[in-house]
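Here is what each chain is made of, one letter per residue.
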Amino acid sequence: MTNTKNKTAINTWTVAPTSVFNKLTAYFGDAQQHPRGIHAIIINASMGKSITVKAFAEQRSSVYYVCCHRHMPIRTLLRDMLTRMGKDSSGTIAEMLDNLVHHLEKDKEPLFIIDEVDKLKDEVLEMFVDLENKLHGKCGLVFMATPYLKKRVETGVNRNKRGFTELYSRMKKIFWDLTPAKQEFKKDVSLICKANGVSNEQTITELYNKCEYDLRVLTDLIIAFKAAA
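Residues numbered from 1 in each chain as written. Predicted model: local features only at pLDDT ≥ 70, side-chain atom pairs only at ≥ 80, totals over all residues. Heavy atoms only, no water.

## Regarding the UniProt feature "domain: ORC1/DEAH AAA+ ATPase" (unreviewed entry) in the protein
Just so we agree on the cut-off: UniProt positions are given in the numbering used here, feature names are shortened, and annotations may be inferred rather than shown by experiment. Runs of H or I in DSSP of at least four residues are treated as helices and runs of E of at least two as strands, each being numbered from the N terminus.
Within this structure's numbering, the places UniProt gives as "domain: ORC1/DEAH AAA+ ATPase" (unreviewed entry) are residues 39-152. In this annotation, residues 39-152 is assigned 48% helix and 18% strand; the end-to-end C-alpha distance for the span is 16 Å.

Here it is, written out as structure tokens:
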């Protein structure tokens, strides 16, 4: 029979102040307080983005998060953004966009975090030019994506693809790469392990080697280790 106390300890997860967590939190705060242009953040997958967004949203009001997916049309994205705000998502695309802007203009220091932006089609990305124009100085906008977004946007600009020069300008022509270097990631692994009850240095090294630069895998390894202890 499983000990209830041990089961609770295994299921409890403590968020550690990793390099990615600290940097993302700082960028989110800056985007919310200084809503001018789009903050474009690129980072490898499984580096703790989602858990950071969740923690930040719990501490701040008017923070909204949407995760994109392949083949996502403009209507679906706008619907998800309005739904996240708890607002009506009916109407035409133009009406939905106006409705979104209307509610964000009335909100206090709103911040919209759009994750996995690199999966969006060109015409959906182009919509953010109009959105930023309408919300400049009124709502913080953060893009999060893999480094592929940088290559895609820069290629679009070089090929003079419609909307990409304008989008690049709205991003302030900067992509903030927050993917940790090897030694930085190793420290992050140690922080996460110790925050969640794994303090033996040899065990931490083993988990670091096994997770292969993937914090999602590390989480599973720590949970499995604690369950077997």
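Let's pick the thread back up.
## With respect to unusual backbone geometry
One non-glycine residue with positive phi stands out, namely Glu116, at about 55 degrees. Relative to the elements of secondary structure, Glu116 occurs in the loop between strand 3 (111-115) and helix 6 (122-135). The phi dihedral of Tyr213 is positive, around 65 degrees, even though this residue is not glycine. Tracing the backbone through its elements, the reader meets Tyr213 in the loop between helix 10 (201-211) and helix 11 (215-228).

## Describing the sheet that holds strand 5 (residues 175-177)
Worth spelling out the cut-off: At least two bridges found by DSSP between two strands is the condition for calling them paired. Here an angle of 0 to 180 degrees is reported between the N-to-C directions of two axes, which are lines fitted to C-alpha atoms, with helices fitted over the stretch in contact. The contact criterion used throughout is that any non-hydrogen atoms of two residues lie within 4.5 Å.
As summarised here, the arrangement of the five strands in space is 2-3-4-1-5, forming an open sheet in which the pairing is parallel. Across the chains shown, the open sheet's two edge strands, defined by having one partner strand only, are strand 2 (63-67) and strand 5. This sheet shows a mean twist of 20 degrees between the axes of neighbouring strands, independent of strand direction. Where strand 3 meets strand 4 (residues 140-145), five bridges bridge the pair, whose relative direction is parallel. Looking at strand 4, one finds that Phe112 is bridged to Leu141. Sitting on the sheet, helix 6 is in contact with strand 1 (38-42), strand 3 and strand 4, with an inclination near 160 degrees to strand 4.

## Remarks on the packing of helix 9 (residues 182-195) against helix 11
Rules: Each helix crossing is assigned a hand: it is left-handed if the near helix lies turned anticlockwise from the far helix by less than a right angle, otherwise right-handed if that turn is clockwise. Basically, the charged four are Asp, Glu, Lys and Arg, the nonpolar ten are Ala, Val, Leu, Ile, Met, Phe, Trp, Tyr, Cys and Pro, and anything else, Gly included, counts as polar.
Running from amino to carboxyl end, helix 9 crosses helix 11 at an angle of 30 degrees, the nearest separation of the two axes being 11 Å. Helix 9 and helix 11 meet at a crossing whose hand is right-handed. Contacts from Phe185, Val189, Ile192 and Cys193 of helix 9 reach helix 11 at Leu215, Leu218 and Ile222. The class makeup of the residues in the contact of helix 9 with helix 11 is seven nonpolar, no polar and no charged.

## A closer look at the pairing of strand 4
For the record, the criterion: Burial classes: relative accessible area under 20% of the type maximum marks a residue as buried, over 50% as exposed, and values in between as partly exposed (1.4 Å probe, protein chains only).
The element strand 4 is largely enclosed, with a buried count of six among its six residues. Side-chain alternation along strand 4 places Gly140, Val142 and Met144 on one buried face and Leu141, Phe143 and Ala145 on a second face that is also buried. Sheet analysis places strand 1 next to strand 4, joined by five bridges and oriented parallel. Opposite His39, over in strand 4, you have Val142 as the bridge partner.

## Some words on helix 6
Stated precisely, the cut-off is as follows: Multiplying 1.5 Å by the residue count of a helix minus one yields the expected span of that helix.
With 14 residues, helix 6 ought to run about 20 Å at 1.5 Å a step, and its terminal C-alpha atoms sit 20 Å apart, in line with that. Those residues of helix 6 that sit buried are Val124, Leu125, Met127, Phe128, Val129, Leu131, Glu132 and Leu135. Once helix 6 ends, the next one or two residues include Gly137, with phi positive near 85 degrees.

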